[in-house]
Every structure is written in C-alpha cells, then in structure tokens.
Amino acid sequence: MTRYILRRLALLPPVLLGVSLLLFVLTHIVPADPAKLAAGEHAGPEQVAAVRKAFGLDRPLPEQYLIYLVHLVHGDFGTSMRTSSSVLDDLLTYFPATIELTTSAVLVTVLLGVPLGMIGAIGRGGLSDLIAQFASLAGLSFPIFVFGILMQLIFSRWLDWLPLASRLATGESPPPRITGMFVVDSLLAGNGGTLQSAILHLVLPTVTLALASLAPAARMTRSTMLEILAQDYVRTAWAKGMAPVRVYLRHGLRNALIPVLTILALQVSALLGGVFIVELVFAWPGLGLYSVESIISLDYSPIMGTALLLTVIYVVVNLATDVLYAFFDPRIRY
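These remarks concern the structure in this document.

Quick notes on the rules
Residues numbered from 1 in each chain as written. Predicted model: local features only at pLDDT ≥ 70, side-chain atom pairs only at ≥ 80, totals over all residues. Heavy atoms only, no water. Helix = DSSP H or I, 4+ residues; strand = E, 2+ residues; numbered from the N terminus. Buried < 20%, exposed > 50% of the residue type's maximum accessible area, 1.4 Å probe, protein only. Contact = heavy atoms within 4.5 Å. Areas by Shrake-Rupley, 256 points an atom, 1.4 Å probe, with all protein chains shown as cover. Lys, Arg positive; Asp, Glu negative; His and termini not counted. Charge placed at Lys NZ, Arg CZ, Asp CG, Glu CD. 1 Å grid on protein atoms, 1.4 Å probe; cavity = no way out; pocket = protein on both sides within 12 Å on 5 of 7 lines; lining within 4 Å. Points joined across faces, edges and corners; volume = space filled by probe spheres on them. Phe/Tyr/Trp six-rings, centres within 6.5 Å; stacked < 30°, edge-to-face > 60°. Nonpolar A, V, L, I, M, F, W, Y, C, P; charged D, E, K, R; others polar. Core = buried A, V, L, I, M, F, W, Y, C linked by side-chain atoms within 4.5 Å. Salt bridge = Lys/Arg side-chain N within 4 Å of Asp/Glu carboxyl O. Axes fitted to C-alpha atoms, helices over the stretch in contact; angles between N-to-C directions. Parallel < 35°, antiparallel > 145°, perpendicular 65-115°, else oblique. Left-handed = near helix turned anticlockwise from the far one by under 90°.

**A word on the overall build of the protein**
Consideration 1: Helices and strands together make up the secondary structure of the protein, namely 14 helices and 0 strands.
Consideration 2: Along the protein, from the amino end to the carboxyl end, the secondary structure elements read α-α-α-α-α-α-α-α-α-α-α-α-α-α.
Consideration 3: Within the protein, the fraction of its 334 residues that count as buried is 42%.
Consideration 4: Of the contacts formed within the protein by residues at least 6 apart in sequence, a portion of 72% connects residues at least 24 apart.
Consideration 5: With the model as given, the accessible surface of the protein reaches about 17900 Å², and the carbon-plus-sulfur share is 69%.
Consideration 6: Here the protein carries 21 positive and 20 negative side-chain charges, and the mean point of each set is 16 Å from the other.

Written out as structure tokens, the structure reads:
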C-alpha cells in the first residue's frame, strides 16, 4: 500500500506541470491586457508600461513561464496585480473559508444522501421510496444559484431565521485565527457567541452547496443497495434470522460502499467546482469569490495558484478514495 501511495504521489508533479502549462497558455491567449486593468481606467501609456514591467509582462511568454516555474518550485505563487499581495498569503487567507463550507456540504451529503438511498432501497416501491426519489430528483432539478436565492428569500428575508450572507454578522469580530475556519476556531477559543453566529451563517450556503450532490449520492446508494439485497448471501442472512439492522448495515450498506465512495469522491470535486457560485450568492469570502474577482481582472497568478491548489486537492481526494477501497473491501490489493 505504501508503495502504491508513493507511486501515485510521484505522478503529482507531472500533473501539476501539465496543468500549469495549460493554464498559462489559456490565460495568456485571452485578448485583453491585464496591465491596463491593473493600472486603472485613466492610466496613461507610461503607467501601463510601468505595471507591465513590474510584473514581468513585457518579457516573452516562454521566459515568463520559466520564471513562474522557478518561483513555484521555491513556494512562490507570484504576486497578485489586484491586491498587490503574495498569492500564497491570499490562498492561506481565503482557502480555510472554502474548506469550512465544502466540508460542511460533504457532511450533509453523506448524512442525508446515504440514508435517503437506504430508505429508498429498503422500502422499494413504497411511500418512503417515492419520498426519497422525489427529494433526490428535486436536488437535480434546481439550478444551484436559483436554490440559493430561494433559500435567502424564504429563510432570511421572509422568516428572518438565518443570516443572509457572509461568515459573521456585521461588526462582529472573528475568533482568534488558528485554522481560519470560524466554527473550529471559535470552538477552540471557547467563544460560544461567535460559534453560534458562525454556524448560523454556515447553514444556508452549506445546504445550497450540498443540494446538487445529494441526488447522485442517494441514487447511487439506492441502486447499489437494491442489487446487494438481492444477493444469495443476503437471503441466507434473512433465513438465519439475523436482525434487519445487521442485514441492512453489515451485509447491505457495507458491500454497497465501494460505488458509493466513488460517487462521493466525484461529488467532492463537484462541490469544489460549485462552491464558486455559492460563494458569489452568499458573499462568502472564500477561494471561489477570490478566483472570480481574479478572473474578472485577468490576474494571472491568483488564477493559476487557485487551479494548482484545486488540482492537488483532487489528486489527494482520489488517492484517499482508493485507499478507502482497500479498507472497506479486503479483496482489493494494490
């Protein structure tokens, strides 16, 4: 297993190199001048030229790319033309908010999607199955930004139960920074008021982000469970008088976990992609909002830094999924 993990990790540098080259080409063929955008609307030619020179945009493209790679090897992701700060510092600032939101959405997906699928499989053709299928189809039917706006209208504007946007209430101080995730930091600091506020602000964006992933998780769990429950060894378990809970969990869900894990791993990637829209709708100051603002201003370094970071996460998530395969199914060996 260790050799397999090391072999997979050894493939990460070539993947990152390919992604960086592709992104560099794509961002630099856009017919726009980022130096003009960074210098401002009323900047003269000399000011634009100064910005271009300061960020090395006046050099040939191959030279720019090589310089970027050299800096990248030393942990330097470049400097943002929009914020004039290190991209690495910006990523460390915004990334915890995205991780907090995405992790919450994954938890909701697992805690709701898998039980929904199980309920549908156990009560196949019955009322519980219809309710579970309706709930999962509803998740596929709503565009994520429409659902987010509906949630804001219902639970924030009309019912006034939950905050409209952002991570904390206006004027409220964030907890002392430990991880950058407000829920975790306020919990570690023992600040109950901030913890409550952080959780309340997290509810609507989490539910919105998890909506699109609930349906695939529930449908995959249901179809796999139906297949498993029809196997001979499950009939044998029933014939031996085994308790229903043991049959469904030990023989049903456990053997259905491999395809469910696969779809959940894919949904983690989908959640990281969908988080861009959710962060825009809920003004969530995370990596998605940072990336969108960077794309609008054609800020090369943050765009590439964000894409490379997400690439690493995708690789790690897929590797972790492969390792979990072997954990849940001892027949799998690498």
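**Describing the layout of surface pockets**
A water-sized probe rolled over the atoms picks out the places where empty space is left.
Consideration 1: Taken as a whole, the largest pocket spans an internal volume of roughly 440 Å³.
Consideration 2: What lines the largest pocket is a set of 19 residues, among which Phe55, Gly56, Ile67, Tyr68 and Ser301 lie closest to the centre.
Consideration 3: Those elements that place two or more of their residues in the lining of the largest pocket are α2 (12-28), α5 (61-73) and α14 (300-328).
Consideration 4: With 4 residues, the single largest contributor to the lining of the largest pocket is α5.

**A short note on the packing of aromatic side chains**
Consideration 1: Scanning all chains against the criterion turns up 4 aromatic pairs.
Consideration 2: Aromatic pair Phe155 and Trp161: ring centres 6.1 Å apart, planes at 45°, arrangement tilted.
Consideration 3: By relative accessible area, Phe155 is classed as partly exposed at 25%.
Consideration 4: Look at Trp161 and you get exposed, because its relative accessible area is 60%.
Consideration 5: Aromatic pair Trp238 and Tyr248: ring centres 5.6 Å apart, planes at 75°, arrangement edge-to-face. With Trp238 in helix α11 (residues 232-239) and Tyr248 in helix α12 (residues 244-281), this pair connects stretches of sequence that are 10 residues apart.
Consideration 6: Trp238 sits in the partly exposed class, given a relative accessible area of 37%.

**Digging into unusual backbone geometry**
Consideration 1: With a phi angle near 55°, Asp160 is a residue other than glycine that sits in the positive phi range.
Consideration 2: Position of Asp160 among the secondary structure elements: in the loop between α8 (144-158) and α9 (182-189).
Consideration 3: Taking the relative accessible area as the measure of exposure, Asp160 reaches 62% and is therefore exposed.
Consideration 4: The phi dihedral of Ser166 falls on the positive side, at around 70°, and the residue is not glycine.
Consideration 5: Tracing the chain through its elements places Ser166 in the loop between α8 and α9.
Consideration 6: Look at Ser166 and you get partly exposed, because its relative accessible area is 30%.

**Topic: empty space enclosed by the protein**
Consideration 1: Following the criterion strictly, the structure yields 2 cavities of 30 Å³ or more and no others.
Consideration 2: Around the largest cavity sit Leu116, Gly117, Gly120, Ala132, Gln133, Ser136, Ala218, Arg219 and Arg222, which together line it.
Consideration 3: Breaking the lining of the largest cavity down by element, the ones donating at least two residues are α6 (87-122), α7 (127-141) and α10 (192-229).
Consideration 4: Within the lining of the largest cavity, the residues separate by chemical class into 3 nonpolar, 4 polar and 2 charged.

**Some thoughts on the nonpolar core**
Note on soluble globular proteins: their nonpolar side chains tend to be buried together.
Consideration 1: Counting 22 residues, the largest nonpolar core has Leu101, Leu209 and Val278 as its most contacted members.
Consideration 2: Looking at this core, the elements with two or more residues in it are α6, α8, α9, α10 and α12.
Consideration 3: By residue number, the principal contributor to this core is α10, which donates 7 residues.
Consideration 4: For Leu101, the contacting residues outside a window of four places in its chain are Leu202, Pro205, Thr206, Leu209, Val275, Val278, Glu279 and Trp284.
Consideration 5: Grouped together as the second largest cluster of nonpolar side chains are 19 residues, Ala217, Ile228, Ala256 and Ile263 included.

**Some points on the side chain of Asp90**
Consideration 1: Examined against the element boundaries, Asp90 turns out to sit in helix α6.
Consideration 2: Of the side chains with opposite charge, Arg82 comes closest to the buried, unpaired Asp90, at an N-O distance of 5.9 Å.
Consideration 3: Beyond its immediate stretch of four places on either side in the chain, Asp90 contacts Ser80, Thr83, Ser85 and Tyr290.

**Comments concerning the packing of α2 against α14**
Consideration 1: Where α2 meets α14, the closest approach of the two axes is 10 Å, and the angle between their N-to-C directions is 150°. Viewed along their axes, α2 and α14 adopt a mutual orientation that is roughly antiparallel. Note on packing geometry: the crossing formed by α2 with α14 is right-handed. Two secondary-structure elements touch here, α2 through Leu12, Val15, Leu16, Val19, Ser20, Leu23, Phe24, Thr27 and His28 and α14 through Tyr300, Ile303, Met304, Ala307, Leu308, Thr311, Val312 and Val315.
Consideration 2: Residue classes in the contact of α2 with α14 are distributed as 13 nonpolar, 4 polar and no charged.

Read these as spatial facts, not as claims about activity.
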